[in-house]
Amino acid sequence: MSSIHAKESQTADANSAGANPASLRQDGSLQQVSFDFIERHNNAHGSGAKGADLGERCEHKVRKSPPVTWLTGFLSVQEQQALLDDAKSYPFERPQIEVYGKLHPIPRQQVWFADEDCGYRYASLFISPTPWPALLMQLRQRLQAELGLVFNGVLVNFYADGQDTVGWHSDDEAEIRKPSSIASISIGATRDFQIRHKRSQETFTLPLVSGDLLIMQPGMQQTWQHAVPRRAKVKAPRINLTFRELVPQRDNHLI
Ligand SMILES: O=C(O)CCC(=O)C(=O)O
Ligand SMILES: [Fe+2]
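Bear in mind that the values here come from a model prediction, so they are computed numbers and not experimental data.

Calculation criteria
- Residues numbered from 1 in each chain as written.
- Chains lettered and ligands numbered in written order.
- Predicted model: local features only at pLDDT ≥ 70, side-chain atom pairs only at ≥ 80, totals over all residues.
- Heavy atoms only, no water.
- UniProt positions renumbered as here; feature names shortened; annotations may be inferred.
- 1 Å grid on protein atoms, 1.4 Å probe; cavity = no way out; pocket = protein on both sides within 12 Å on 5 of 7 lines; lining within 4 Å.
- Helix = DSSP H or I, 4+ residues; strand = E, 2+ residues; numbered from the N terminus.
- Buried < 20%, exposed > 50% of the residue type's maximum accessible area, 1.4 Å probe, protein only.
- Contact = heavy atoms within 4.5 Å.
- Donors = N, O, S within 2.8 Å, 3.2 Å for Na, K, Ca; no water.

Some details on the UniProt feature "binding site: 2-oxoglutarate" (unreviewed entry) in the protein chain
The feature "binding site: 2-oxoglutarate" (unreviewed entry), as given by UniProt, occupies Asn157, Tyr159, His169, His226, Arg238, Thr242 and Arg244 in the numbering adopted here. Here the residues from the annotation list that line the largest cavity are Asn157, Tyr159, His169, His226, Arg238, Thr242 and Arg244. Along the chain, tyrosine 159 falls in strand β11 (residues 153-159). On the accessibility criterion, tyrosine 159 (2% relative accessible area) is buried. With sequence-adjacent residues up to four places away left out, tyrosine 159 is seen in contact with Arg108, Asp164, Thr165, Val166, Arg191, Val228, Ala236, Pro237, Arg238 and Asn240. Assignment of secondary structure puts threonine 242 in strand β18 (residues 238-244). Those residues in contact with threonine 242 that sit more than four places away from it in its chain are Gly153, Val154, Leu155, Ile182, Ala183 and Ser184.

Points about the coordination of the iron ion (ligand 2)
On the protein side, the iron ion (ligand 2) has His169 (NE2), Asp171 (OD) and His226 (NE2) as donor atoms, found 2.1 to 2.2 Å from it. Between consecutive donors of the iron ion (ligand 2), the numbers of intervening residues give the motif H-x1-D-x54-H. With aspartate 171 in the loop between β12 (166-169) and β13 (182-188) and histidine 226 in strand β17 (residues 224-228), this residue pair connects regions lying 55 residues apart in the sequence. What makes histidine 226 buried here is its relative accessible area of 3%.

See the structure below:
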């Protein structure tokens, strides 16, 4: 299993590895973390003519990396606090899903806010849309204005503490528009977000910090799965907002 700590500024195009993503937050600025990184292997037979200053030759190997963009510090502390306060009035539920013919409550709570004709099938559930709270509508508009990302629903997950989880899955339901991105915003406790390649099983762990935005790009759900595993040491709650674009039911002949 690999833990990604590669990061870079929005303008830099060189890759680096080894730094702690949390340190990015100290100046409060928005920075992008890239997951493409290049492993350099010394190549013994390429050292060049004696005495010439040719530099060391290496082989470059680009690791297959998940198609995600990680923007740390996307929300200010004030915005994080306002959303936490707002979420106190959200109608969270812990629906039951059927696994091997038996009903089990999901290991977290959730609510689906969406446009009127955007009901969502999730596992064995059909979730009717609840009208958008004003603050989440503003956030949806900001994602569109600043990043050009269009959404018509947001699934809000509430993890009371590190015992609450989401298991390995892809958000590849039929009604999600393809291609489209999913934007995930985290508030509260830092939790590990894991990404696993479906075929190679290569796994990356991203410790998502309060205020971070993670964009899962088009195609991610087809090739990768993700999960938020149990972390017994985490005692504080976390809220995660995943903004999605569904094909509205009036257009569902397009699915
Ligand atoms: O809580 C998270 O970071 C991920 C939630 C998620 O994967 C989902 O709601 O589909
Ligand atoms: Fe998901």
